[in-house]
Amino acid sequence: MRFEDPAAEFIPAVERVFGMPPRVLDGSRAVLVGEVKLQLEAGERELWLIETHGVLEHRLGMVEVREDIEDALREAKDQFDV
């Protein structure tokens, strides 16, 4: 039996796509890149982009994670100009 955890690749993938080490939040399921929080939800099937201003948060949108987390991160970067 084999188990896969897409979130295990999340932090290294964010670093590869955005070219900088992210600030890790909420364990390994959310990171901060600049003023945008990237958060995995719904069993790592949804990647939410959340604009942060201090303690205030505004959800910009969601990208579906299909096969590869890195593909979803690239789509989010292109679609939301992160």
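Read on for an overview of the structure.

### Here's the deal with the packing of helix α1 (residues 10-18) against helix α2 (residues 69-80)
- Look at α1 against α2: their axes get within 9 Å of each other, and the N-to-C directions meet at 40°. It follows from the interaxial angle that α1 and α2 lie oblique. Once α1 is placed against α2, the crossing between them reads as right-handed. Here α1 contributes F10, A13, V14, R16, V17 and F18 to the contact with α2, which in turn contributes I69, E70, L73, R74 and K77.
- Classifying every residue of the contact of α1 with α2 by side-chain character gives seven nonpolar, no polar and four charged.

### Topic: the side chain of Q39
- The residue Q39 is located in strand β3 (residues 36-41) in this model.
- Judged by relative accessible area, which is 16%, Q39 ranks as buried.
- A distance of 2.7 Å separates the side chain of Q39 from the side chain of E41, its partner in a polar contact.
- Once residues lying within four places of it in the same chain are set aside, the contact partners of Q39 are D26, R29, A30, E46, L47, W48 and I50.

The rules behind each value
Residues numbered from 1 in each chain as written. Predicted model: local features only at pLDDT ≥ 70, side-chain atom pairs only at ≥ 80, totals over all residues. Heavy atoms only, no water. Axes fitted to C-alpha atoms, helices over the stretch in contact; angles between N-to-C directions. Helix = DSSP H or I, 4+ residues; strand = E, 2+ residues; numbered from the N terminus. Parallel < 35°, antiparallel > 145°, perpendicular 65-115°, else oblique. Left-handed = near helix turned anticlockwise from the far one by under 90°. Contact = heavy atoms within 4.5 Å. Nonpolar A, V, L, I, M, F, W, Y, C, P; charged D, E, K, R; others polar. Buried < 20%, exposed > 50% of the residue type's maximum accessible area, 1.4 Å probe, protein only. Polar contact = N/O pair within 3.5 Å; in protein donor to acceptor, adjacent residues only side chain to side chain.

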